[in-house]
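Structure assessment
Residues per chain are reported as follows:
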Amino acid sequence: MLTLGVSAGALLIGAGGAMNALVPLFAIGVFVGFTIAQAGMVRHWWLNRGAGWRVRIALNGFGALLTTAAALITTAMKFTEGAWLIVLVLPALVFAMQRVRAAYHRIGDRRAAGAIPAQPQATGTAIVVPVSEVSELSREALSAAMSLGSDVVAVHVCLPGESTRAFTKAWEAWHPKVRLVLLEDSDATVGGPVARYLRENFAGRRKVVVVAEVDPPGGWDRVLPSHRSDELERELRRMPDTVVCHLRVQVV
């Protein structure tokens, strides 16, 4: 409804408030809609062929011919008065709807709805926690990860110019009883090294990546982007058998 309202407002503004300029668009849309409806009924009677289907298919077929002729004539007469817009937009809408339908069919085939699937099998799960620093946020992320399972690994991407010795020393002083793996920032990203580490070390296993984020209390803080978590999400959601768990840490 919102899309229709915005589109109608844009058409009205584009026509300069002249309602007569929009009448051809309305007429063509109505005739095209009637044509599709009549053609659909023709197909319905042809497939079902119940009692009196010949008379009904003749009536609906004749109606489809009349509305098709009306749509073509109106388009030809009003083409330069705005009907060209329908000629461009209508095929684009039909194409977009066909793409949406095909996408839902692909999703349905992948889900295999209605079929009895194989028995679920438990696999080893690796829980990976990207950490950028020794902080309260890291503590929350590791606490959540340790609550999910025992095989927890903390990974730290070493950014250019960063002192890995200082980070390792701070980690050892904290001693969170979680194995730490340092990853090289080979492509100037955080998500890339983490995704590569998961592929190379946990093939055939389920991966759960716990990403801790600060949840601002409200206002303008909520529209500020979180580049690191967004980058991780983009990289990891392409990987099979990987679950990205976002942990929201409230800021009082």
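We now turn to the structure provided with this report. (Residues numbered from 1 in each chain as written. Predicted model: local features only at pLDDT ≥ 70, side-chain atom pairs only at ≥ 80, totals over all residues. Heavy atoms only, no water.)

In this structure, Cys158 sits in strand β2 (residues 152–158). For Cys158 and Val190, which are 32 residues apart along the polypeptide, the C-alpha to C-alpha distance reads 8.8 Å. Residues within four places of Cys158 in sequence aside, it is in contact with Thr164, Leu182, Leu183, Glu184 and Asp185. (Helix = DSSP H or I, 4+ residues; strand = E, 2+ residues; numbered from the N terminus. Contact = heavy atoms within 4.5 Å.)

Relative to the helices and strands, Val209 is located in strand β4 (residues 206–215). A residue is classified by how much of its surface remains accessible, and Val209, at 0% relative accessible area, is buried. Residues Val209 and Leu159, 50 residues apart in the sequence, show an inter-C-alpha distance of 20 Å. Sequence-distant contacts of Val209, defined by excluding residues within four places in its chain, comprise Val128, Pro130, Leu198, Leu236, Thr242, Val243, Val244 and Cys245. (Buried < 20%, exposed > 50% of the residue type's maximum accessible area, 1.4 Å probe, protein only.)

Turning our eyes to something else, we now look at the pattern of salt bridges. Evaluated as defined, the whole model comprises five salt bridges. For Arg139, the salt bridge goes to Glu140, with nearest N and O atoms at 3.1 Å. Its relative accessible area of 36% is what places Arg139 among the partly exposed residues. In this structure, Arg206 and Asp241 form a salt bridge, with 3.1 Å as the shortest nitrogen-oxygen distance. Separated by 35 residues along the polypeptide, Arg206 in strand β4 and Asp241 in the loop between α8 (227–236) and β5 (242–250) bring together distant segments of the chain. Among the residues examined, Asp241 registers a relative accessible area of 35% and is labelled partly exposed. Overlapping salt bridges, with partners in common, bring together Glu136, Arg139 and Glu140 in one network. (Salt bridge = Lys/Arg side-chain N within 4 Å of Asp/Glu carboxyl O.)

Tallying each qualifying case throughout the model produces four aromatic pairs. When the centroid spacing of 6.0 Å and the interplanar angle of 75° are considered together, the rings of Trp46 and Trp53 count as edge-to-face. Classification of Trp46 as partly exposed rests on a relative accessible area of 47%. Consider the rings of Trp171 and Trp174, whose centres lie 5.4 Å apart with planes at 85°: the pair is edge-to-face. Within this pair, Trp171 and its partner Trp174 are both found in helix α6 (residues 164–174), separated by three residues, close to a single helical turn. (Phe/Tyr/Trp six-rings, centres within 6.5 Å; stacked < 30°, edge-to-face > 60°.)

What follows deals with the sheet that holds β5. The five strands are arranged β3-β2-β1-β4-β5 in an open sheet whose pairing can be described as parallel. Edge positions in the sheet fall to β3 (179–184) and β5, since each has one partner strand and no second. Averaged over all adjacent pairs, the angle separating strand axes in this sheet is 30°, with direction ignored. Note that β4 and β5 share nine bridges and pair parallel. Paired with Glu213 across the strands is Arg248, a residue of β5. Across the sheet, helix α7 (residues 191–201) lies against β1 (125–130), β2, β3 and β4, angled at about 120° from β3, the strand it touches most. (Pairing = 2+ DSSP bridges. Axes fitted to C-alpha atoms, helices over the stretch in contact; angles between N-to-C directions.)

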